[in-house]
Amino acid sequence: MKFIYTLILALLLAAAGTISLNAQKSSINVPLPFDRYYDLEDLYKAIEVLNEAFPELTTAEVITQSEEGRDVWAFTINNPETGDHLAKPGVYVDGNIHGNEIQATEVVLYLMNYLLTNYGEVEKITELVDRNAFYFVPSVNVDGRYHFFNNANTPSTNRGLRVPGDGIRDAVSDRSISNDLNNDGSITQMRKRDPFGQWNTHPEDPRLMVRAEPGEFGEWTLLGQERYDITEDTQISEDAERYVDPNRDWGSNWAPPYVQRGAGDYPFMGNVSKAIAEYMVGRPNIIMVFAFHNTGGMFLRGPGTKARGPLNPSDVAVYDILGENAEKIVPGYDYLISWKDLYSTYGDFTEFTYNTIGAFSFVGELFMARQETYAAYEDLMSADHESLGFGTTTEQDLQRLKFNDNVAHGTLFKEWEPFDHPIYGEIEIGGWAKMSTRISHPFMLKDMAHRNAAAVLFAAAQTPKVEMEITRNERIDDNLNRVRVRLVNHNAIPTMTNHAVQNQLYPQDMLTAEGNNIRVVAGGRVTDRYRDRVNYKEHRPELQFLRVPGTSVVYYDFLVEGNGELTINYNSRKAGQRTANTTIN
Ligand SMILES: [Zn+2]
């Protein structure tokens, strides 16, 4: 007996052991954890588990393969019980088009997970899911993401497409620009003692390098990123990968490489930009776009260049509602115009989505270096926004080093260490680690993801919500009825951008009146509903073209003769379809 008990106990222990081993192997379950960054394998797993947990609400599909053959996934959240996804306003969210800007993916995953796990639990979220179709591409640049996690990098490398480059034209391409000389997983900086140097260590913290005073020599020379001469020709880093920026690859206001570094040979050169463009063209309901990047704490809207001229004022008014609220939802972030407040860009993604797809479009620049502060609360609150965007000030770097020491416990900065370099001799290697500078420590990840997801959800709550009603049906002559139709858009986003109307991107919303034994004699937009003034359309009065602006009401009159059932149909690419009926007699 005792033997059997022992056997059972052993079996139980073995089973428990198996379970815990599996849990270790794959700890990604629903709800998704946000105490870590997802490498590419984890990302694929996260998409799979969400799809499996919510099969009735989600679709996961591979839309293309990257240059190196990795799958690019798109993910849809739509409730089929409230209609086909194409019949609802579409909200598209992506991230990580720049391979190193990894936390953009966690923001997208957070939003997916948040919508699904709160559906049916939180009224506001349930309504958002029921009324919209959500489209996600959590990682656009999967090659970049793979290499950022799996290879040594600086915080800024592996941004672009994996397009071969051969700087020295010896038919061997892609010898890396940098090398992790000390094998610590990060590409950091090289410094060498030099009596004729231009740099000194900071008196408060010798880890920080500062320029020598004008007119004086410093004690150090900075030699740039860790690297050596891979082709043994005494030149360094001349055979780097070619830099093609996937966010300069879109077929709208595109410019060639001599105008803008990072442009490819032609628009849509990258597999994924081509695939996403086709994906969006196949989803003409997309009215709202967010593309997440790092860094700087910004919500950027177009235009990308000054030459495009200012956007239409009525579109700007909509952007302002969304952008000014996003600023408040994510404290410290600023709502800005990209060419004016940052720099000009040609052929970027949101230029394409606004100009060609007809969607209100934001770039979300995640993370602010000034969040990694080591300061009293009142100093933090009074800190100016000078270092907005890129780079940091010396004062901020001193704080960040203390933050590294006492809050992140040394994980953000690689201490300077001596190294014997094949060309430079005795040098030191050190500096900000790969997982620093542009991404927050994981303990700050969830807060950042939640607030930025909330900014997207604010916009999703403003997608056009149109109600149609027949408000009048009266006989005005022997055989003539006046039928008045009212269309109300309850939300801030119009059913079409003004830009789309003015540039005739696609046919406007359509309002039709038809019925057996009924002839539409006249029809048009009501310009004064109290005096029955109507701007009649000359040809085909039974078909009216329109747009319903944000939070507004429009009226249309149809004068019809005959007897029977009259059907009014409203059909909008972005706002869906509505039908109303009335009897003419
Ligand atoms: Zn970016």
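As for the packing of aromatic side chains
Part 1: Following the criterion strictly, the structure yields 21 aromatic pairs and no others.
Part 2: Consider the rings of Phe134 and Phe136, whose centres lie 6.2 Å apart with planes at 5°: the pair is stacked.
Part 3: Over the ring of Tyr279 we find Arg283, and its NZ or CZ is 3.7 Å from the ring centre.
Part 4: When the ring centre of Phe148 is taken as origin, the NZ or CZ atom of Lys434, which lies over that ring, is 5.4 Å away.

A short note on helix α5 (residues 142–150)
Part 1: For α5, every residue scored as buried is listed here: Val142, Asp143, Gly144, Arg145, His147 and Phe148.
Part 2: Tucked inside the fold, the buried residues of α5 contact α2 (40–53), β2 (71–77) and α3 (103–118).

Notes on the packing of α3 against helix α12 (residues 445–460)
Working note: a packed helix pair is described by the angle between its axes plus the distance between those axes.
Part 1: In the contact formed by α3 and α12, the axes pass within 9 Å of each other and the chain directions differ by 65°. Between α3 and α12, the interaxial angle falls into the category roughly perpendicular. Of the two possible hands of crossing, α3 and α12 adopt the one that is right-handed. Within the contact between the two elements, α3 uses Gln103, Glu106, Val107, Tyr110, Leu111, Tyr114 and Leu115 and α12 uses Leu445, Lys446, Met448, Ala449, His450, Asn452, Ala453, Val456 and Leu457.

So, the pattern of salt bridges
Part 1: The full count for this structure, using the stated rule, is 29 salt bridges.
Part 2: Where Arg145 meets Glu106, a salt bridge forms, and the shortest distance between an N and an O atom there is 3.0 Å. With a gap of 39 residues between them, Arg145 in helix α5 and Glu106 in helix α3 connect regions that are remote in the sequence.
Part 3: Residue classification places Glu106 among the buried residues on the basis of a relative accessible area of 0%.
Part 4: For Glu415, the salt bridge is made with Arg207, and the minimal N-O distance between the two is 3.1 Å. A residue pair is termed long-range when its members are at least 10 positions apart, and Glu415 in strand β13 (residues 413–421) and Arg207 in the loop between β6 (199–201) and β7 (209–211) qualify at 208 residues.
Part 5: Connected through shared salt-bridge partners, Arg472, Glu474, Arg482, Arg484, Asp532 and Asp557 make up one network.

Things to note about helix α11 (residues 394–406)
Part 1: Over its 13 residues, α11 runs 18 Å from end to end, which matches the ideal 18 Å to within 8%, given 1.5 Å per residue.
Part 2: Looking at α11, one finds that the buried residues are Gln396, Asp397, Leu398, Arg400, Leu401, Phe403 and Asn404.
Part 3: Where α11 is buried, its residues contact β13 and β14 (425–432).

Overview of the nonpolar core
Part 1: Ranked by size, the top nonpolar core spans 87 residues in total, and within it Tyr92, Phe136, Ile276 and Met288 carry the most contacts.
Part 2: Those residues in contact with Ile276 that sit more than four places away from it in its chain are Ile63, Tyr92, Asp94, Val137, Val140, Trp250 and Phe349.
Part 3: Core analysis: the second largest hydrophobic core is formed by 22 residues, Leu546, Tyr556, Ala575 and Ile584 among them.

Digging into the coordination of the zinc ion
Part 1: Here the zinc ion is held by His98 (ND1), Glu101 (OE), Glu101 (OE) and His293 (ND1), and the distances to it run 2.0 to 2.6 Å.
Part 2: Geometry at the zinc ion is irregular, judged from the four donor atoms that bind it and their angles of 55 to 151° at the metal.
Part 3: Between consecutive donor residues of the zinc ion, the sequence gaps follow H-x2-E-x191-H. Residue His98 shares its accessibility class with Glu101, and that shared class is buried.

Examining the sheet that holds strand β4 (residues 133–137)
Part 1: Taken together, the eight strands give an open sheet; going across it, the order is β1-β2-β4-β3-β9-β12-β10-β11, and neighbouring strands pair in mixed fashion. On the outer flanks of this sheet lie β1 (58–65) and β11 (334–337), each paired with one strand and no other. Here the average twist between neighbouring strands, direction ignored, is 20°.
Part 2: Pairing of strand β9 (residues 286–294) with strand β12 (residues 360–366), which is carried by seven bridges, proceeds in the parallel orientation. Note that in β12 the partner of Phe290 across the bridge is Phe362.

A closer look at the packing of α3 against helix α4 (residues 123–131)
Part 1: Between α3 and α4, the shortest axis-to-axis distance is 8 Å and the interhelical angle comes to 105°. Judged by the inter-axis angle, α3 sits roughly perpendicular to α4. Along the contact surface, α3 presents Tyr114, Leu115 and Asn118, while α4 presents Ile125, Thr126 and Val129.
Part 2: Of the residues in the contact of α3 with α4, the class split is four nonpolar, two polar and no charged.

Quick word on the sheet that holds strand β23 (residues 576–584)
Each strand in a sheet pairs with its neighbour through backbone hydrogen bonds, running either in the same direction (parallel) or in the opposite one (antiparallel).
Part 1: Spatial ordering of the open sheet is given by β20-β17-β22-β23, a layout of four strands whose pairing is antiparallel. In this open sheet, the two edge strands, each paired with only one partner strand, are β20 (543–546) and β23. Geometrically, the sheet is characterised by an average inter-axis angle of 15° between neighbouring strands, direction not taken into account.

Reading the values: rules and limits
Residues numbered from 1 in each chain as written. Predicted model: local features only at pLDDT ≥ 70, side-chain atom pairs only at ≥ 80, totals over all residues. Heavy atoms only, no water. Phe/Tyr/Trp six-rings, centres within 6.5 Å; stacked < 30°, edge-to-face > 60°. Lys NZ or Arg CZ within 6 Å of the ring centre and 35° of its normal. Buried < 20%, exposed > 50% of the residue type's maximum accessible area, 1.4 Å probe, protein only. Helix = DSSP H or I, 4+ residues; strand = E, 2+ residues; numbered from the N terminus. Contact = heavy atoms within 4.5 Å. Axes fitted to C-alpha atoms, helices over the stretch in contact; angles between N-to-C directions. Parallel < 35°, antiparallel > 145°, perpendicular 65-115°, else oblique. Left-handed = near helix turned anticlockwise from the far one by under 90°. Salt bridge = Lys/Arg side-chain N within 4 Å of Asp/Glu carboxyl O. Expected span 1.5 Å × (residues − 1). Core = buried A, V, L, I, M, F, W, Y, C linked by side-chain atoms within 4.5 Å. Donors = N, O, S within 2.8 Å, 3.2 Å for Na, K, Ca; no water. Tetrahedral: all angles 85-135°; square planar, octahedral: opposite > 155°, others 65-115°. Pairing = 2+ DSSP bridges. Nonpolar A, V, L, I, M, F, W, Y, C, P; charged D, E, K, R; others polar.

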